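Analysis of the macromolecular model
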Amino acid sequence: MMDATGIKSYFQFQNVDWQTMRSATWETIWMTVVAAILVVIIGLLLGLLLYQTRDSQNGLLRILNWIVSLLVNVFRSIPFIILIVLLLPVTKDIIGTIIGPKAAIPSLVISAAPFYARMVEANLRDIDSGVIEAVTTMGASNWEVVTKVLLPESKPALIAGATVTTISLISYSAMAGAIGAGGLGNLAYLDGFQSNNNTVTLVATVIIACIVFIVQFIGDRWVKAIDKRTI
């Protein structure tokens, strides 16, 4: 019989369905990887847009910058658990369901992409303006400035920002699981909390922590490998 009270309740590993735990782990990894790829792409584009239009003399571009900046700030300010509930009708229309790992993707992307976009914009602003002016003076096009100066010079910071954002997505995916999005969060809530099975909750928490450590390690090593300042 399962003892649901006391410290011993965390270590009754015979009460863990390991097959279900493995499936939930892969669901969390899948959600995180897919969402992270989309967030990096969308966030990078939004960040470049905000950077390129911030001081534009063109009235239309200034309006575009204001609109995008407003939307980014609005979605950054909404707590994720509220955002995912708010977007349930949108998720239903896009994915066709509000249950399962796929259903979490829209909310994960919409919540994290604005956050990463601001990081991208800030990193681009840190680039020495003298380098940009020198390349422009040599006749480089706007596209060449972006691809040969802005992105290469900010690559370490962009990867570091993507690492932080991915870790946030892991946390968000756990919260999404509490309302039926699957993954370790869903398992910890249904089979752990609601079933008074503290061991399941503990194991799910440890696995999530391990995923976070792995992502941080990979991100740190990647940044170190390409950051010229570490040479």
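Each remark here, short or long, concerns the structure printed above.
Glancing now at empty space enclosed by the protein. The tally for this structure, following the rule as stated, stands at 1 cavity of 30 Å³ or more. Taken as a whole, the largest cavity holds about 60 Å³ of empty space. Listing elements by their share of the lining of the largest cavity, those giving two or more residues are α4 (88–95) and α5 (101–125).

Taken N-terminus to C-terminus, the directions of helix α1 (residues 18–53) and helix α7 (residues 142–177) make an angle of 140°; their axes are 9 Å apart at the nearest point. Looking at the two axes, α1 sits oblique to α7. Considering the relative orientation of α1 and α7, their crossing is right-handed. Residue-level contacts link T28, M31, T32, A35, A36, V39, V40, L44, L48, Y51 and Q52 of α1 to N142, V146, L150, L151, L158, A162, T165, T166, L169, I170 and S173 of α7. When its residues are assigned to classes, the contact of α1 with α7 shows 15 nonpolar, 7 polar and no charged.

Next up on the list: the packing of aromatic side chains. Given two aromatic rings, their pairing is described by the distance between the two centres and the angle made by the two planes. As enumerated under the stated definition, the model contains 3 aromatic pairs in all. Each ring, one from F11 and one from F13, has its centre 6.3 Å from the other, and the planes form 65°; the classification is edge-to-face. Judged by relative accessible area, which is 49%, F11 ranks as partly exposed. When its relative accessible area of 38% is taken as the criterion, F13 is described as partly exposed. Here Y189 and F193 contribute two aromatic rings whose centre-to-centre distance is 5.9 Å and whose plane-to-plane angle is 20°, an arrangement assigned as stacked. Remark: F193 and Y189 occur in helix α8 (residues 183–193); sequence separation between them is 4 residues, near one turn of the helix. What makes F193 exposed here is its relative accessible area of 57%.

Before going further, it helps to spend a moment on unusual backbone geometry. Of note, N196 is a non-glycine position whose phi angle comes to about 55°, a positive value. Residue position: N196 is located in the loop between α8 and α9 (198–226).

Let us now look at the layout of surface pockets. Its boundaries defined by the atoms lining it, the second largest pocket holds a volume of some 270 Å³. Lining the second largest pocket are 13 residues, and of these I159, A162, T163, T166 and W222 sit closest to its centre. Those elements that place two or more of their residues in the lining of the second largest pocket are α1, α7 and α9.

Looking now at the pattern of salt bridges. The full count for this structure, using the stated rule, is 3 salt bridges. The closest approach of N and O atoms between E121 and R118, which form a salt bridge, is 2.7 Å. Of this pair, E121 and R118 both sit in helix α5, 3 residues apart, which is roughly one turn of the helix. The burial state of E121 is the same as that of R118; both residues are buried. A salt bridge links E121 to R125; the shortest N-O distance between them is 3.1 Å. Of this pair, E121 and R125 both sit in helix α5, separated by 4 residues, roughly a single helical turn. A relative accessible area of 49% means that R125 is categorised as partly exposed.

For the rest of this paragraph, the subject is a nonpolar patch on the surface. A contiguous nonpolar patch, built from L60, I63, W66, I67, L70, L71 and V74 and spanning about 710 Å² of accessible area, is present on the exposed surface. Relative to the assigned elements, L71 resides in helix α2 (residues 59–77). For L71, a relative accessible area of 45% puts it in the partly exposed group.

Structural remark: α-helix, 3.6 residues per turn; residues separated by three or four positions point the same way. Counted at 1.5 Å a residue, the expected span for α5 with its 25 residues is 36 Å, and the 36 Å between its end C-alpha atoms agrees. Along α5, the largest kink reaches about 25° and is centred on A113; proline P114 follows within four residues of it. In terms of burial, α5 is largely enclosed, as 18 of its 25 residues are buried.

Right, let's talk about the nonpolar core for a bit. Counting residues in hydrophobic clusters, the biggest one holds 27 residues, and the most contacted among them are L108, L124, I132, L150 and L169. Listing elements by their share of this core, those giving two or more residues are α1, α3 (80–86), α5 and α7. Of all hydrophobic cores here, the second largest spans 12 residues; its members include A24, I170, L184 and I211.

What counts as what
- Residues numbered from 1 in each chain as written.
- Predicted model: local features only at pLDDT ≥ 70, side-chain atom pairs only at ≥ 80, totals over all residues.
- Heavy atoms only, no water.
- 1 Å grid on protein atoms, 1.4 Å probe; cavity = no way out; pocket = protein on both sides within 12 Å on 5 of 7 lines; lining within 4 Å.
- Points joined across faces, edges and corners; volume = space filled by probe spheres on them.
- Helix = DSSP H or I, 4+ residues; strand = E, 2+ residues; numbered from the N terminus.
- Axes fitted to C-alpha atoms, helices over the stretch in contact; angles between N-to-C directions.
- Parallel < 35°, antiparallel > 145°, perpendicular 65-115°, else oblique.
- Left-handed = near helix turned anticlockwise from the far one by under 90°.
- Contact = heavy atoms within 4.5 Å.
- Nonpolar A, V, L, I, M, F, W, Y, C, P; charged D, E, K, R; others polar.
- Phe/Tyr/Trp six-rings, centres within 6.5 Å; stacked < 30°, edge-to-face > 60°.
- Buried < 20%, exposed > 50% of the residue type's maximum accessible area, 1.4 Å probe, protein only.
- Salt bridge = Lys/Arg side-chain N within 4 Å of Asp/Glu carboxyl O.
- Patch = residues over 30% accessible without salt bridge, like charges linked within 9 Å, V, L, I, M, F, W, Y side chains within 5 Å.
- Areas by Shrake-Rupley, 256 points an atom, 1.4 Å probe, with all protein chains shown as cover.
- Expected span 1.5 Å × (residues − 1).
- Bend = angle between axes of the 7 residues up to and from the residue.
- Core = buried A, V, L, I, M, F, W, Y, C linked by side-chain atoms within 4.5 Å.

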